[in-house]
There are 2 protein chains.
Amino acid sequence: MMDIKDKIDAAAGRTPADTLFCNGHMINVFTGEINKQDFAVKDGYICGFGRYKAEETIDLSGFYVSPGFVDAHVHIESAMVTPAAFARGVVAKGTTTIVADPHEIANVLGIKGVEYMLSSAEHQLMNICFAMPSCVPATSMETAGAVLDPVKTAAMLVKDEIIALAEMMNYPGVIYTDADVMEKIRVAGRQKKRVDGHAPGLSGKYLHAYVSAGILSDHECTSTHEALEKLRLGMHIMIREGTCARNLADLLPAVNDHTWRRMMWCTDDRHPEDIIEQGHIDHIVRQAVNSGIDPVRAIQMATINPADYFGLIDIGAIAPGRRADFVLFRDLYDICLEQVFALGRVAGQSGQYLGEITNSALDCPGAMNLDIKEIDLTIPFKSSRVQVIKALENQVLTDCFTADAIEKKGEAVSDPNRDILKIAVIERYSGRSGTGKGFVNGLGLKKGAVASSVAHDSHNIITAGTNDKDMLRAVREVAEMKGGFAVALDNRITASLALPVAGLMSEHSLETVNQSMKHLVSAANALGSPLKDIFMTLGFLALPVIPKLKITDKGLVDVEKFAMTDLFV
Amino acid sequence: MMDIKDKIDAAAGRTPADTLFCNGHMINVFTGEINKQDFAVKDGYICGFGRYKAEETIDLSGFYVSPGFVDAHVHIESAMVTPAAFARGVVAKGTTTIVADPHEIANVLGIKGVEYMLSSAEHQLMNICFAMPSCVPATSMETAGAVLDPVKTAAMLVKDEIIALAEMMNYPGVIYTDADVMEKIRVAGRQKKRVDGHAPGLSGKYLHAYVSAGILSDHECTSTHEALEKLRLGMHIMIREGTCARNLADLLPAVNDHTWRRMMWCTDDRHPEDIIEQGHIDHIVRQAVNSGIDPVRAIQMATINPADYFGLIDIGAIAPGRRADFVLFRDLYDICLEQVFALGRVAGQSGQYLGEITNSALDCPGAMNLDIKEIDLTIPFKSSRVQVIKALENQVLTDCFTADAIEKKGEAVSDPNRDILKIAVIERYSGRSGTGKGFVNGLGLKKGAVASSVAHDSHNIITAGTNDKDMLRAVREVAEMKGGFAVALDNRITASLALPVAGLMSEHSLETVNQSMKHLVSAANALGSPLKDIFMTLGFLALPVIPKLKITDKGLVDVEKFAMTDLFV
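Residues numbered from 1 in each chain as written. Chains lettered and ligands numbered in written order. Predicted model: local features only at pLDDT ≥ 70, side-chain atom pairs only at ≥ 80, totals over all residues. Heavy atoms only, no water.

Caption draft 1: Quick peek at the relation of the copies chain A and chain B. Superposing chain A onto chain B takes a rotation of 180 degrees plus a shift of 0.0 Å along the axis, which leaves an RMSD of 0.1 Å. In symmetry terms, the pair is related by a two-fold rotation axis. (Least-squares fit on C-alpha atoms with pLDDT ≥ 70 in both.)

Caption draft 2: Layout of the sheet that holds strand S31 (residues 555–558) of chain B. Residues and elements named next belong to chain B. One open sheet holds the 3 strands; their spatial order is S30-S31-S32, and the pairing between them is antiparallel. Since the sheet does not close on itself, it has two edges, and those belong to strand S30 (549–552) and strand S32 (563–565), each with one partner. For this sheet the average axis-to-axis angle between neighbouring strands, irrespective of direction, equals 45 degrees. As paired strands, S31 and S32 are joined by 3 bridges and run antiparallel to one another. Residue pairing across strands places Asp558 opposite Ala563, the latter belonging to S32. (Pairing = 2+ DSSP bridges. Helix = DSSP H or I, 4+ residues; strand = E, 2+ residues; numbered from the N terminus. Axes fitted to C-alpha atoms, helices over the stretch in contact; angles between N-to-C directions.)

Caption draft 3: Looking closely at the environment of Ile304 of chain B. Position of Ile304 of chain B among the secondary structure elements: in helix H14 (residues 304–310). For the pair Ile304 of chain B and Arg261 of chain B, spaced 43 residues apart in sequence, the C-alpha separation works out to 9.1 Å. Ignoring any residue separated from it by four or fewer positions in sequence, one finds Ile304 of chain B in contact with Arg261 and Arg262 of chain A together with Val29, Phe30, Gly316, Ala317 and Arg322 of chain B. (Contact = heavy atoms within 4.5 Å.)

Caption draft 4: Fine view of the interface of chain A and chain B. With 58 residues of chain A at the interface, the matching set in chain B holds 58 residues. Across the interface of chain A and chain B, roughly 5000 Å² is buried in total on both sides, 57% from carbon and sulfur atoms. Where chain A touches chain B, the interface holds 8 salt bridges. Salt-bridge contacts for Arg186 of chain A lead to Asp3 of chain B; the nearest nitrogen and oxygen are separated by 2.9 Å. Along the contact surface separating chain A from chain B lie 16 residue pairs in polar contact (both at pLDDT 80 or more). Breaking the side of chain A that touches chain B down by element, the ones donating at least two residues are helix H1 (4–11), strand S5 (45–49), helix H6 (171–175), helix H7 (179–190), helix H8 (204–212), helix H9 (224–232) and helix H14 (304–310) of chain A. (Buried area = accessible area lost by both parts, 1.4 Å probe. Salt bridge = Lys/Arg side-chain N within 4 Å of Asp/Glu carboxyl O. Polar contact = N/O pair within 3.5 Å; in protein donor to acceptor, adjacent residues only side chain to side chain.)

Caption draft 5: Just the pairing of strand S30 (residues 549–552) of chain A, in detail. Residues and elements named next belong to chain A. Of the two faces of S30, both are covered, the one formed by Leu549 and Ile551 as well as the one formed by Lys550 and Thr552. Sheet topology note: the S30/strand S31 (residues 555–558) ladder contains 4 bridges and is antiparallel. Along S31, the bridge assignment pairs Thr552 with Gly555. Between S30 and S31, which pair antiparallel and follow one another directly, the connecting turn spans 2 residues. (Buried < 20%, exposed > 50% of the residue type's maximum accessible area, 1.4 Å probe, protein only.)

This is how it looks when you write it as structure tokens:
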């Protein structure tokens, strides 16, 4: 971070600039103008416009120059790589600032996890800001690796790198004025930090209650109607285009001459394949322009709007004193980035990643404390009917139904013929390896088993399969890798990916993880699963805040009743 | 301040509202829409839209309902009344929030003066936010009542009521990286508070340097060209329409579909007469609409824009959780306020003030420490030519010329025939009563003298007149009143106004002060002065940061050379 004294000396021309960028057509996000505008950079920050003495001159003739893009809300963990690998991958797509919510690692490792992320974010070309997770754990019907109470939350919110209290998913807690929730919001307010919202479908008086707490953003809108109601109440709307949740097409009609200034883009959760093949915020900007949004406006929503919303005065624009983060492209109506500059240095070329991955010097603490020998996956047969989770591809929601249970030697077992498979969630934090067990439909395995340590939001180990032996084999593999994904058949591992950082992230590149994921999905498909990504589907089956029937380490959860429920009916 | 828990209970409808406001046409500053919209208020804050159970219902049929207006930069002292009297007077004009810069009282009393203002702001219907004065004293060529160094500034910037570092007038200090200036800006940055600018005419690399310090507003633009240059660099532009400086007409062409969102209104310095007869921010909004600005846009610039700029999430809109500050009018194209509500209560009716003035419980410390007997106004005759300050009506600038001095008994004396009057500035803080002496042209007195304790920025006592006896008589009156204005003729006071609060403010109402001012100006006119307000003209003659020739307690100042200069040439 350059001190203002040095910035001023450079801007006044008293110290020579490093680089003068000439002849580019600069998009001025403040005034909406596009003008040929030279600008100078020193030590990674913009000095000013016009002619400056510089050690080097770079000619940008033929290029449009836009400020680098901002992802207003993202979980790095969803890309299954460390902040360093994420930064290297995503900056190449033009995203030079992200507001990361380390919600997943916080559920696994608590404050230590958040601190690992903060430490990982240092010395990256990408500007990684953080929002402090507000809802860890998500519920008391599961065992997470940590509990973040208001005191711990307050201690983190004073840090400069933490610019907001992250998505307040516990909207019942807000509406019914839960004491801890109130205190976390008050603390953020005292620190003059934003409180981000997460209020899917909330409307009317309950939405008024939520807003009156000072929660002034939302990234969960799925319709123009919903977005407009929230905008009218003063919420800033983050239009999300992730891997699973894609709201761009539905929300674009809400962007108009009045509302656009309180709207911005985010990805929330985006998998490596989509980042690599489609892009990141650049993809959203492209899509928006293709759908008829004025390109300058789409860029403003990707740059100055999130900067203004979060009060970040050193990004979001090409202007004196701000980070020299900018992107170059030739066609305003088909924005393909040819080069990305971060802190004045080339960070990406034609969407390709440059530079090495520099992971955190801080070791991420282990988060795999279980005893394989103690795990018991058997389900004693108690009655002939069981509740079955119905997994839905590409949805976080599940459905449910009841079915006849198959008995074998006094146990209820999987029935691949009806696609009713055993599913289990094994607690991985306390060492007691408590296990919730049930049945799931929709995964489609005809043989073998899968296991994963990515199971929202507590990220215990989840496994499903046709037989206990393969399930246990897959679980053991995940445990031995300190986290990750595994596919097992006939007591052998046919594919795996290690995610040793908190059981959530690899230290390798997005491309490497993407290749492994393709291999894993092929292996699962070879077992009969028709799903495009069985691990993504699996990962949401343990999330007890989204209806209908879910499973945690404590057992089955009837989400609509917000209560545990019996497997046998 | 209502706690969020109570706000949420009210918004959710669990506790009954105080008042339901029905059938008004609400201006939604977020979406630009005007819709018939009921809304409820509880304990001074908005609960939400639609039907709420309430103890009382008020029908707003036929009215437009706009959020209350915001003055983004104002010196209360310029209205010569206390914050309490200012609030009562200005809220009736629809201004429900101001960002006050107590620069004048800070020059007189330092931190104690600022604390008096903070204390006075409590328990007012108007929401009075403060910006911490950044430049006290303005120069070392005068004696102010206080020096506010970075340590004192930092101690104040942590307070919630102080939302910004006020206008950084010392732009040379920024551009040349003065250590104290740098430190004040850094402190504001650490507190996540805005640093307001004041950079008249600054352009090019020096402006880049100023902006790169993180100073992101300006209220000193006098041309569209200047405003656009600043907007392009990311500055927010406050369009000022005060009593002396009026920039609205010149800057309106800079307001366009892209720039408007970074623009807002302010008054800076506005005298009682203008407030009473023309209005306050309402006057600016009216003028803007008359000049063709869309009324909703003019209102957005008066409400949500300053709220967003300063990060004030509890004002600027009619929305859940925000202060129930709003105004009613019938014609969108001729906005005459019929009623003003502040914290849900009627605070003004047809522009008339309601309620009492509740001044601060804190006594304002005295600031009049001089010994009349020690004051020597004689100017020993040293040569035949003197430098003369040429006062220009309605301008802060002066001109200057040299003239023959009149000798009488070894002294240089006033010559009313040529309108060359003696002028003196008497230091009022240390008790040593050091006096700077010189001559002034343009005041027009043919007999008698005037004196004032309002003399920017150090506010020592300034006097001018045809003879020493009347000058001393006027000074004595000002001193005995603990500050104010006086007109003396033949050793008698013909008119006076006491400003006992720091020698700058009256505890009486705007109307009372306005009446006294009219009387004072008549009395000065009776002495031959043609000026519309001789005290305003006088008040700027001691301001050594605005060219050309000025006078302080230390003597004559050549502002262009930024140095003291001799009276005799």
